[in-house]
Structures are given as structure tokens and as C-alpha cells.
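Structural features, examined
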Amino acid sequence: MVVEIPRWTNAKIEIATDEKFNPLKQDVKKGKVRFVRNCFPYKGYIWNYGALPQTWEDPTMVNADTNAKGDNDPIDVCEIGEQLGYTGQVKQVKVLGVMALLDEGETDWKLLAIDVRDPLAEKMHDIGDVEKYLPGLIDATRHWFKVYKMPDGKPANKFAFNGQCKDTAYASQVIAETHHAWQRLIQGKIPCKADTHDISVANVTINDSPYQVNDGSHKTETAVVEEKSIEGPDEKWYYIKASL
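Residues numbered from 1 in each chain as written. Predicted model: local features only at pLDDT ≥ 70, side-chain atom pairs only at ≥ 80, totals over all residues. Heavy atoms only, no water.

Right, let's talk about the overall build of the protein for a bit. Each helix and strand in the protein was counted, giving three helices and twelve strands. Against the globule reference of 18 Å for 244 residues, the protein gives a C-alpha radius of gyration of 18 Å, in line with a compact fold. Seen along its three principal axes, the alpha-carbon backbone of the protein occupies a region of about 50 × 45 × 35 Å. Among the 244 residues that make up the protein, the fraction classed as buried is 46%. Sequence-distant contacts in the protein: of pairs separated by 6 or more residues, those separated by 24 or more amount to 67%. Approximately 13000 Å² of the protein is accessible, and the part contributed by carbon and sulfur atoms is 51%. Taken as two groups, the 30 positive and 37 negative side-chain charges of the protein have centres that lie 4 Å from each other. (Helix = DSSP H or I, 4+ residues; strand = E, 2+ residues; numbered from the N terminus. Rg over C-alpha atoms; globule rule 2.2 N^0.38 Å. Buried < 20%, exposed > 50% of the residue type's maximum accessible area, 1.4 Å probe, protein only. Contact = heavy atoms within 4.5 Å. Areas by Shrake-Rupley, 256 points an atom, 1.4 Å probe, with all protein chains shown as cover. Lys, Arg positive; Asp, Glu negative; His and termini not counted. Charge placed at Lys NZ, Arg CZ, Asp CG, Glu CD.)

Here it is in C-alpha cells:
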């Protein structure tokens, strides 16, 4: 996985899929950089949060189990090991399970995984082991995703499978499906149209991709950064009334 947001931090860093070569950037909305709120008792993100490269949740396909299209992003990962990650870190992880968030009517998979170097990694093999060794974390994860947008006036998020966290075998199937979707995308089998997706598919390493470029444009010596309205994170605690 690629770590976007280290545990306990609030800055909403993500892969900018609509920009050339998909850099990591802090998301901007209405000219302001974005931070997630602190929803009591959580401080920022409660895991090292990131994504699996070479996966894509296809917005042109309806998932048979969730009855919703993909959200047009790489598949998200919640890494639950004890080490604090850093933005841009590449972690080799063991996948333990997956939840299906329904974010504004779109399927938004959330993998639970652990760094293979973590002391607990050799003891954890499936989602039941998470509850055994880290009791309460699955419930906290479900609750976090349910309420984290509510301080901004949005409704509680919903889940497929009644919020159940599916096992490793199911998670592996989801990863395979989203990887195959990415392959179709990067090989030009899914048209690049505004009403289909806004993914920038330029790349320098995929030999069978019609979007491969070798003009050196991925190398930059200087970066021009558009100045935004910069504000710090909202350090208040938000007390949200919502059941687990």
C-alpha cells in the first residue's frame, strides 16, 4: 500500500487521480485545503490510511453484492499495525478483511490490513484475528466511517452487508476485481470520457498501455504550487450521536 494519511493526523492527503502521474496531494475544496474533523473519541484517522496502487473501483460497473457502482478511486486501505506511517511510505501489508462503505451511493471498499513487519502480523490471518488481538477496533472502524462527515452537516454513511467486515478470502476477491478493472483502464479498454471517469492514465512503466509516455515529463526539477487559503486543522472534538 501507499500511505496517504498517517494515523492520528487530520490532513486529507490523497492520490490526485485526475492529475498527470497521480501525485500525492492534500485535497482542496472551495479553495481551502481539507482536514477531517475529530469525532469523539477519535483523533484524526485511527489507522495508517492509504491505497493499493494498480486498483480501480470502476464507476461504469455495478457490483452485484453492493448493488452500487465503484467510486472511481483506488481501493482504500486501513493499516492497523502499531508503527506510525508517513505520507508516501510504501508498506507491504497482509490483508485481513474488507468493509463496503456506500458513500453517496457508490461502492467504497475499505480494506483492513497489517504491515507484514508488525509484531502481530504472524498471528493475524483473517478478520476474526483482528477482534481477538485488537478487540473493539472493527467496531471503531465502522463507527468512524459512519460519522466522520457528520460535523460538516452530511448524513451518517451507510454500508453494504449491514456493516459486516468480510473475511480475507472475500477481500482478496475484491482486490483481484479492482486490479482487473485497473488493467482494463490502463490498457485503453475503457474510454477516457468526461462522463465515464476523470482518471489521468499517463504512465511511464506499463508497456501494453497506449498512455505510456517516455518524454521525461514525469521528472521535475521545480514545482509551481498554486497558493491556497491555508488554515490549520479544526482541533475541536465533535460529539456525534450515532450508534455503532
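Side chains of nonpolar character tend, in soluble globular proteins, to be buried together. Formed by 29 residues in total, the largest nonpolar core has its most connected members in Trp47, Ile80, Val130, Trp144 and Phe145. Of all the secondary-structure elements, those providing two or more residues to this core are strand S9 (93–103), strand S10 (106–115), helix H1 (127–133) and helix H2 (137–147). Of all hydrophobic cores here, the second largest spans 17 residues; its members include Val98, Ala100, Ala113 and Ala171. (Core = buried A, V, L, I, M, F, W, Y, C linked by side-chain atoms within 4.5 Å.)

The next point concerns the sheet that holds S10. Spatially, the six strands line up as an open sheet ordered S1-S7-S8-S10-S9-S11, and their pairing is mixed. The outermost strands of the open sheet, each flanked by one partner alone, are strand S1 (2–5) and strand S11 (158–159). Looking at chain direction, strand S8 (residues 76–79) and S10 are connected through four bridges and run parallel. Its bridge partner being in S10, Val77 is matched across the sheet by Leu111. Taken strand by strand, H2 contacts strand S7 (48–51), S8, S9, S10 and S11, and its axis lies near 35° from that of S9. Along the sheet face, helix H3 (residues 168–186) touches S9 and S10 and points at about 75° away from the line of S9. (Pairing = 2+ DSSP bridges. Axes fitted to C-alpha atoms, helices over the stretch in contact; angles between N-to-C directions.)

Such coordinate-based values are descriptive only and should not be taken to indicate function.
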